[in-house]
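# Chains, contacts and geometry: an overview
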Amino acid sequence: MEQWKDQLNNFVNTLDRLKKYINVTSEEEQAINELGTVWGLTPYFASLMDRDDPNCPIRKQMIPSMKETENKYGIENYLIWKENRATEEKRPDSIARQYHDRVAFTVTEKCCTYCRHCFRRELVVDRSISLRFDVNEGLEWIKQHPEIRDVLVTGGDPFILPDDQIEYLVRKLREIKHLEMIRFHTRAPINMPMRITPALMKILRPYHKIPIFINVQCNHANEITEQTAKAVYDLLTCGICVGNQGVLLKGINDDKKSFQELHLKLLSVRIRPYYIFYCEPAPGVDHFRTPVEKGAELIRDCIRGTVSGLAQPMYVIATNIGKIPLMPDYYIIGKSETEYKLRNYKGELTTIPNIPE
Ligand SMILES: *Cc1c(COP(=O)(O)O)cnc(C)c1O
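Thresholds applied
- Residues numbered from 1 in each chain as written.
- Predicted model: local features only at pLDDT ≥ 70, side-chain atom pairs only at ≥ 80, totals over all residues.
- Heavy atoms only, no water.
- Salt bridge = Lys/Arg side-chain N within 4 Å of Asp/Glu carboxyl O.
- Buried < 20%, exposed > 50% of the residue type's maximum accessible area, 1.4 Å probe, protein only.
- Helix = DSSP H or I, 4+ residues; strand = E, 2+ residues; numbered from the N terminus.
- Near = heavy atom within 4 Å.
- Polar contact = N/O pair within 3.5 Å; in protein donor to acceptor, adjacent residues only side chain to side chain.
- Areas by Shrake-Rupley, 256 points an atom, 1.4 Å probe, with all protein chains shown as cover.
- 1 Å grid on protein atoms, 1.4 Å probe; cavity = no way out; pocket = protein on both sides within 12 Å on 5 of 7 lines; lining within 4 Å.
- Sits in = over half its atoms within 2 Å of the grid points.
- Nonpolar A, V, L, I, M, F, W, Y, C, P; charged D, E, K, R; others polar.

Per the counting criterion, the structure on display carries 26 salt bridges. Here Glu 89 and Arg 97 are joined by a salt bridge, their closest N and O atoms 2.7 Å apart. According to the relative accessible area criterion, Glu 89 is partly exposed, its value standing at 31%. Between Glu 147 and Arg 97 there is a salt bridge, with its nearest N and O atoms 3.0 Å apart. In this pair, Glu 147 is assigned in the loop between helix H8 (135-143) and strand S3 (150-154) and Arg 97 in strand S1 (residues 95-97), connecting sequence segments 50 residues apart. Residue classification places Arg 97 among the buried positions, given a relative accessible area of 10%. Connected through shared salt-bridge partners, Glu 68, Arg 116, Arg 121 and Asp 126 make up one network.

Below is the structure:
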């Protein structure tokens, strides 16, 4: 059997299995017993957790916490609001739309690991809403909307699907004349790198004028191993660029050291930082959220001036009206008819001429 199927067959989603990997605290045990939530991770990802430290950044992302019952700031019916599901336009459940030219195409609600900070948690973790994920219905909708250039295949995690379904999806999407690119949003290279098998590569590799891009989600340097590096390299050999869409998470990566290490380590395994998301106001994730400014401050203080330009993500807030970039706002501090006054990450000043239109 392929190794990745083994990972799913031995999914760590019971206390007994979890205890093989970590010394479970009483707080963790209580949350697992009382919350009745979907949780779990692959044995591979479980082996990256710190056995003794409940503050381990992977452990905090994966193990349920009683803090999930607190919901002071979460927006009610978050997913309906965020994905514009209550708007006039008729769309299948699988299609979420915020932009004219691109849509998110949800093909499953299952994941290879269940992140506690998931913004789709009503669907994926709490299972308080259920949607119909009919792939053919989604494909048909896309076919009838010639303005759609770019389809983001997401979930859940689309790479939890068997090879034949991924092959079908890619083939059918590429038959749609107006599509110019396909994106897969998957955490598999991070939490189940053995998913990138020769058989999957054979499906993804053939040259085609409609490119495939992959964005993963990696939030801490500890999530990156030799196996991650190999999986990403294998994807690159299939002509697939791999980017990261990280989430700013309190107590996990919101300190300068972790934030910088994450971005440097991503590049070292050939993953290009694409976005850092502000942790969305979904219900039950209050304990992961920082003030909004935090991400921009981190970019200013430990990324912009101090590490490679290739390591710079764009910091964005994902909202119902699209993603809103929030970069450090210290750059232009003054403007006259003749010049701009600019400031860098250190607070140093310089001027450049202001050219009239
Ligand atoms: C994030 C998202 C996109 C893609 O945004 P990009 O900025 O192009 O990466 C498209 N549609 C929806 C509904 C999204 O949430």
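To continue, consider unusual backbone geometry. Cis geometry marks the peptide bond from Gly 155 to Gly 156, where omega comes out at 15°. One non-glycine residue, Arg 127, lies in the positive phi region at around 50°. Counting through the fold element by element, Arg 127 comes out in the loop between helix H7 (121-124) and H8. One non-glycine residue with positive phi stands out, namely Arg 270, at about 70°. A relative accessible area of 46% means that Arg 270 is categorised as partly exposed.

Here we come to the site of the ligand. Taken together, Ala 96, Gln 98, Tyr 99, Arg 102, Ala 104, Leu 152, Arg 183, Tyr 274, Tyr 275 and Lys 323 make up all the residues around the ligand. Arg 183 places a polar side-chain atom, nitrogen or oxygen, 2.8 Å from an oxygen atom of the ligand. Tyr 274 places a side-chain nitrogen or oxygen 2.7 Å from an oxygen atom of the ligand. The fraction of the free accessible surface of the ligand (390 Å²) that becomes covered by protein chains is 90%. Applying the majority rule of atoms within 2 Å of the grid points places the ligand in the largest pocket. Of all the secondary structure elements, the ones that give two or more residues to the shell around the ligand are strand S2 (102-106) and strand S7 (272-278). Per-class residue counts for the shell around the ligand are 6 nonpolar, 1 polar and 3 charged.

Nothing here speaks to function; it is geometry throughout.
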